[in-house]
Amino acid sequence: MGQTAKTEPVSAGQPSALADADGEPQLISGGHLVAKALKAEGVDVIFTLCGGHIIDIYDGCVDEGIDVIDVRHEQVAAHAADGYARVTGKPGCAVVTAGPGTTDAVTGVANALRAESPMLLIGGQGALSQHKMGSLQDLPHVDMMAPITKFSASVPATERAADIVSMAFRECYHGAPGPSFLEIPRDVLDAKVPLEKARIPRAGAYRASTRSAGDPEAIERLADLVVHAEKPCVLLGSQVWTCRATDAAIEFVRTLNVPAFMNGSGRGTLAPKDPHHLQLARRYAFQNADLIIIVGTPFDFRMGYGKRLSTDATVVQIDLDYRTVGKNRDVDLGIVGDAGLVLSSVTQATSGRVDNGAVSRKAWLEELRAVENQAYEKRLPRQHSDANPIDPYRLVHEINEFLTPDSLYIGDGGDIVTFSGQVVQPKSPGHWMDPGPLGTLGVGVPFVMAAKYARPEKEVVCLFGDGAFSLTGWDFETLVRFNLPFVGIIGNNSSMNQIRYGQIQKYGEGRGRVGNTLGDVPYSEFAKMLGGYGEEVRDPADIRPALERARESGKPSLINVWVDPEVYAPGTMNQTMYK
Ligand SMILES: Cc1ncc(C[n+]2csc(CCOP(=O)(O)OP(=O)(O)O)c2C)c(N)n1
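Chemist: Can you walk me through the sheet that holds strand β15 (residues 432-433) in this structure?
Modeler: Strand-to-strand pairing in sheets goes through backbone hydrogen bonds, with the strands running parallel or antiparallel. What the six strands build is an open sheet, ordered β15-β14-β16-β17-β19-β18; its pairing is parallel. Each end of this open sheet is capped by a strand with a single partner; those strands are β15 and β18 (533-537). Of the pairings in the sheet, the one linking strand β14 (residues 407-412) to β15 comprises two bridges and is parallel in character. Bridge pairing in β15 links Tyr409 to Trp432. On top of the sheet, helix α16 (residues 415-423) reaches β14, β15, β16 (459-465) and β17 (487-492); it is set at about 130 degrees to β16, its chief contact.

So, in C-alpha cells, the structure goes:
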C-alpha cells in the first residue's frame, strides 16, 4: 500500500463540529446549509477540486452523506455534473474554488447550456468584507457566468444559502433545462447563523412539476395530421430522453406506424432491430416525407438549420422551450410541452382512427428500408476491412458488435467519433452520450466518471480521439482512485484529424500539418502507469479480443488502437459541422 492510505474517504455521519450545545440555539454554517439544500434536491454526489474558499461545503456533505469525488481539473468536475444529470434525471452539482477554479469550469457549464443539461456550479468567492479590494482569486464570476447559465447569482447572507441553492435548482428547470451558477463569498459560507433563521427548503416542496402536455387544440391538429399523412417520419431528439419519454415515443411510432430517426440523447429510444428504427435514410426521408415531426431538438447545425427538410412537407416541432419552436425555419405547427405527455396525448387522440393511416404506410416504410439497407450494404466492406493501418470503420464496427444492452456508450473526439456516429448504435435508451451541440472535446473521462458512479451496474464504454483524451485524460487517475472501471478505446491517429482534413483541402498537403499534430503516444502505458488496464492494438483482428480483456480486467482501461490517419469520415470530408 502506498500513499493512498492517507486519503481514505471520510464516511458520512461522523460527529460534526456543529453538535448541539445544551440549551443554546443551534448554529449552522453556510456550507452546511448548502449541503442540506443539495440533499433536499436529491443530489448524492458533488464533483469538485478543492480550494480554501469552499471547504465548508465538504464538511456539510460529510454530515449529509453526500459523496465527494475530487478530480484533477475543474472542467472535469463541471462535465461530470452535466453527465450525472443526463444519466440520473436529477441535477448534477460541481463545486469549485474562486477565480481559476471557476474559470476552469466555464467550458463544462457552457457545454451543459447547449446540451440542455440541468446542473449547478457552485464557485467560491473572496470574502464580502473584502469586496473589490483585490482578495485572492477574486473575479466577477456572476457576470462571467450570466450568458452561459439560466441563473447566475451571489449568495448575500449565510441564512440565505440553502434558499438560494433551491432557487438555482428551480431555475435549472425553467423551459428546457440548463445550468445555474452560484457564487458564495468565503465569509458568507463560513459564518454560522441560528438554524431557525435560515430557510431550508423541504425536499419536494419548492418546485412544481415542469411536465406540460401542450395545447389541447394543437394535440388534436397533430393527431389529425398523423392519421392523414401518407409519408410521415419523426425525429426523436435529446429531450425524448430528458423527459424520459421512451415508452410514449415507442407507443406513438408503433400505434401510428411512423418511421423514426433519433439523434443526441434520443439515440437508443428504439432498439437497432426495431422495424421503425431508421438511421441512414434520414436525408432521403426529410426530402420525401409529407409530414415531419421534430421532437425535442432544435434546428441547429445538426439539422442544417432546418434547410434539409423538404419545403413541401408539413413540419411539426415539439419542444420544452417556447423559444426553440420555429427558430431558423418555419413550422406548420408548434407544440410546447413535455415530449412524453405530448406524444402520448397525440396517440390517445388518434384512437379509433389509426387503421387507415397505418395500412397506407407500408409502401413508405419499405421505401425507406430499401434506402437504409442500400447505404448499409455499401459501407459493409469498410466495416469488415482487414486493412493495416486499421480502417476507422473497422474499429467502430467492432465496438458496435461489442456493446450489449447494458453498455452505456460515450463518444469524445473528432473524426473518429464522426465514424462512430454512423455505425455505433446504442442498444437501450439513455445509453448514448456525446457532448451535444457545443462539440466540446474532453467530455469523455468526466462522462465515464458520472455514468459509472451513478450506474455501477452498467458497463461504460468510451471511444476517444487521441486529441480529445489528452484534454482531460489525467482524470483517468480519478477513475482508478474511485474504482470506476470502464472500457476505454483510443482511436489513435497521432493527429487532430478532423481539423487536419479541412486544412489540407484549403491550403494543400504541404501546409496541412500545421497546428494539428500529436505525438505517437502509447496510451495503454499511460493507463497502466495510473493503475488501470491497457493494450496496444495494430492489427484489426486483435481489436475484439483486446476489448474483451479490458471488460474482464474490471479496471479503468485504455485500448490504444492505431488507426489510419489518411482515412476520414464522410461527415468530416463534407465538413457538415460547419454547414
Ligand atoms: C475543446 C475543443 N477544442 C477544440 C475543438 C476543435 N476540434 C474539433 S475536432 C478536433 C480534432 C480532435 O482530434 P481527435 O480527438 O484526436 O480526433 P480525430 O479528429 O483525430 O479523430 C478539434 C481540435 C473542439 N471541438 N473542442
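After presenting the structure, the write-up continues.
Chemist: What am I meant to see in the domain arrangement of the protein here?
Modeler: The figure often quoted for interface size is the accessible area lost as the parts come together. By the assigned domains, the protein splits into domain 1 (15-197), domain 2 (216-370) and domain 3 (384-578). Computed from C-alpha atoms alone, the centre-to-centre distance between domain 1 and domain 3 is 32 Å. Three residues, Arg72, Val87 and Arg114, lead the burial of domain 1 against domain 3; their summed loss comes to 29% of the area buried on that side. Counting across the interface, domain 1 meets domain 3 through two salt bridges. Among the ionic pairs, Arg481 bridges to Asp70, the shortest N-O distance being 3.3 Å. For the pair domain 1 and domain 3, the interface holds 10 residue pairs in polar contact (both at pLDDT 80 or more). Secondary structure elements with two or more residues in the side of domain 1 that touches domain 3: β2 (45-48), β3 (67-70), α3 (74-88) and α4 (100-114).

Chemist: Is there a simple way to think about the pattern of salt bridges in this case?
Modeler: It is possible for side chains bearing opposite charge to pair when their charged atoms get close. Enumeration over the complete set of coordinates arrives at 25 salt bridges. Of the charged contacts, one joins Arg323 and Asp321 as a salt bridge, the two residues approaching to 2.8 Å between their closest N and O atoms. According to the relative accessible area criterion, Arg323 is exposed, its value standing at 60%.

Chemist: When you look at the pairing of β3 in this model, what are you seeing that I'm missing?
Modeler: Working note: regular strand, side chains alternate between the two faces of the sheet. Bridge count for β2 against β3 is four bridges, and the pairing is parallel. Bridge pairing links Ile46 to Val68 in β3. Taking the sense of rotation as the criterion, the β-α-β connection linking β2, helix α2 (residues 55-64) and β3 turns out right-handed.

Chemist: Mind showing me how you'd approach a nonpolar patch on the surface here?
Modeler: A contiguous nonpolar surface patch, about 300 Å² in accessible area, is contributed by Met496, Ile499 and Tyr578. Met496 gets classed as partly exposed once you look at its relative accessible area, which sits at 30%.

Chemist: Please clarify how the packing of aromatic side chains should be interpreted in this entry.
Modeler: Pairs of aromatic rings are described using the distance from one ring centre to the other and the angle between the two planes. Counted by the stated rule, this structure contains 11 aromatic pairs. Taking the centre distance of 5.2 Å and the plane angle of 40 degrees together, the rings of Tyr409 and Trp432 count as tilted. Of the two residues, Tyr409 sits in strand β14 while Trp432 sits in strand β15, which places them 23 residues apart along the sequence. Each member of the pair, Tyr409 together with Trp432, is buried. Here Phe464 and Phe486 contribute two aromatic rings whose centre-to-centre distance is 6.4 Å and whose plane-to-plane angle is 80 degrees, an arrangement assigned as edge-to-face. Within this pair, whereas Phe464 is found in strand β16, its partner Phe486 is found in the loop between α19 (476-481) and β17, the two being separated by 22 residues in sequence. Assigned by exposure class, Phe464 and Phe486 land together as buried. One aromatic cluster is present, built from ring pairs that chain together Phe464, Phe469, Trp474, Phe476, Phe486, Tyr523 and Phe526. Above the face of the Trp241 ring, Arg244 is positioned so that its terminal group lies 3.8 Å from the ring centre.

Conventions we followed
Residues numbered from 1 in each chain as written. Predicted model: local features only at pLDDT ≥ 70, side-chain atom pairs only at ≥ 80, totals over all residues. Heavy atoms only, no water. Pairing = 2+ DSSP bridges. Helix = DSSP H or I, 4+ residues; strand = E, 2+ residues; numbered from the N terminus. Contact = heavy atoms within 4.5 Å. Axes fitted to C-alpha atoms, helices over the stretch in contact; angles between N-to-C directions. Domains from an automatic or database assignment. Buried area = accessible area lost by both parts, 1.4 Å probe. Salt bridge = Lys/Arg side-chain N within 4 Å of Asp/Glu carboxyl O. Polar contact = N/O pair within 3.5 Å; in protein donor to acceptor, adjacent residues only side chain to side chain. Buried < 20%, exposed > 50% of the residue type's maximum accessible area, 1.4 Å probe, protein only. Right-handed = clockwise from strand over helix to strand, strands pointing away. Patch = residues over 30% accessible without salt bridge, like charges linked within 9 Å, V, L, I, M, F, W, Y side chains within 5 Å. Areas by Shrake-Rupley, 256 points an atom, 1.4 Å probe, with all protein chains shown as cover. Phe/Tyr/Trp six-rings, centres within 6.5 Å; stacked < 30°, edge-to-face > 60°. Lys NZ or Arg CZ within 6 Å of the ring centre and 35° of its normal.

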